[in-house]
Amino acid sequence: MIVVPVSFGKQGPLLLQKAATAIQRNWVAIHPKFTELIEQLQSARTKENAMSDWTLDKSGGSLTYDLLDAYRLCHAKIIV
């Protein structure tokens, strides 16, 4: 197995943009039984006054956004 680290600080906003685009254009369908992922996607907000318009705001609330982060990683192009 090869492990490739992905920096959410650098690549996170682009991954969030790609993930949102895939859902908005109906390129991805999420089964209704994945309620936690759907909840995290619906409650995700971007930071105001951030360097990028697509920086995820994880402050406040009880959600960890771990599933959202995993979904964002699905949109990373990693060439080994």
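Residues numbered from 1 in each chain as written. Predicted model: local features only at pLDDT ≥ 70, side-chain atom pairs only at ≥ 80, totals over all residues. Heavy atoms only, no water.

(A) Up close: the overall build of the chain. Within the chain, the regular secondary structure consists of 3 helices and 0 strands. Mapped from its N terminus to its C terminus, the chain presents α and β elements in the order α-α-α. Oriented by its inertia axes, the alpha-carbon framework of the chain measures out at about 35 × 35 × 25 Å. A burial count over the chain gives 21% of its 80 residues as buried. Of the contacts formed within the chain by residues at least 6 apart in sequence, a portion of 56% connects residues at least 24 apart. Here the chain has roughly 6,300 Å² of accessible surface; of this, 55% comes from carbon and sulfur atoms. Measuring between centres, the 9 positive side-chain charges of the chain sit 10 Å from its 7 negative side-chain charges. (Helix = DSSP H or I, 4+ residues; strand = E, 2+ residues; numbered from the N terminus. Buried < 20%, exposed > 50% of the residue type's maximum accessible area, 1.4 Å probe, protein only. Contact = heavy atoms within 4.5 Å. Areas by Shrake-Rupley, 256 points an atom, 1.4 Å probe, with all protein chains shown as cover. Lys, Arg positive; Asp, Glu negative; His and termini not counted. Charge placed at Lys NZ, Arg CZ, Asp CG, Glu CD.)

(B) Representation of the side chain of Q40 in the model. Within the secondary structure, Q40 sits in helix α2 (residues 35–43). Residue classification places Q40 among the buried positions, given a relative accessible area of 4%. With residues up to four places along the chain from it excluded, the contact list for Q40 reads L63, T64, Y65, D66, L67 and L68.

(C) Representation of the side chain of T55 within the structure. Assignment of secondary structure puts T55 in the loop between α2 and α3 (66–73). Among the polar contacts listed, one links the side chain of T55 to the backbone oxygen of S52, at a separation of 3.4 Å. Sequence-distant contacts of T55, defined by excluding residues within four places in its chain, comprise P13, R45, T46, K47 and A50. (Polar contact = N/O pair within 3.5 Å; in protein donor to acceptor, adjacent residues only side chain to side chain.)

(D) Region of interest: the packing of aromatic side chains. Going through the model one piece at a time under the given rule, you end up with 0 aromatic pairs. A cation over a ring is seen here: K58 above F8, with NZ or CZ 5.9 Å from the ring centre. (Phe/Tyr/Trp six-rings, centres within 6.5 Å; stacked < 30°, edge-to-face > 60°. Lys NZ or Arg CZ within 6 Å of the ring centre and 35° of its normal.)

(E) Representation of the packing of helix α1 (residues 8–24) against α3 within the structure. Close contact between α1 and α3 brings their axes to 8 Å; oriented N to C, the two are set at 85 degrees. Taken together, the axis directions place α1 and α3 in an arrangement best described as roughly perpendicular. Taken together, the residues of α3 that come into contact with α1 (itself represented by F8, G12, P13, L15, L16, A19, A22 and I23) are D69, Y71, R72 and L73. Considered class by class, the residues forming the contact of α1 with α3 number 9 nonpolar, 1 polar and 2 charged. (Axes fitted to C-alpha atoms, helices over the stretch in contact; angles between N-to-C directions. Parallel < 35°, antiparallel > 145°, perpendicular 65-115°, else oblique. Nonpolar A, V, L, I, M, F, W, Y, C, P; charged D, E, K, R; others polar.)

Read these as layout, nothing more, since geometry by itself doesn't imply function.
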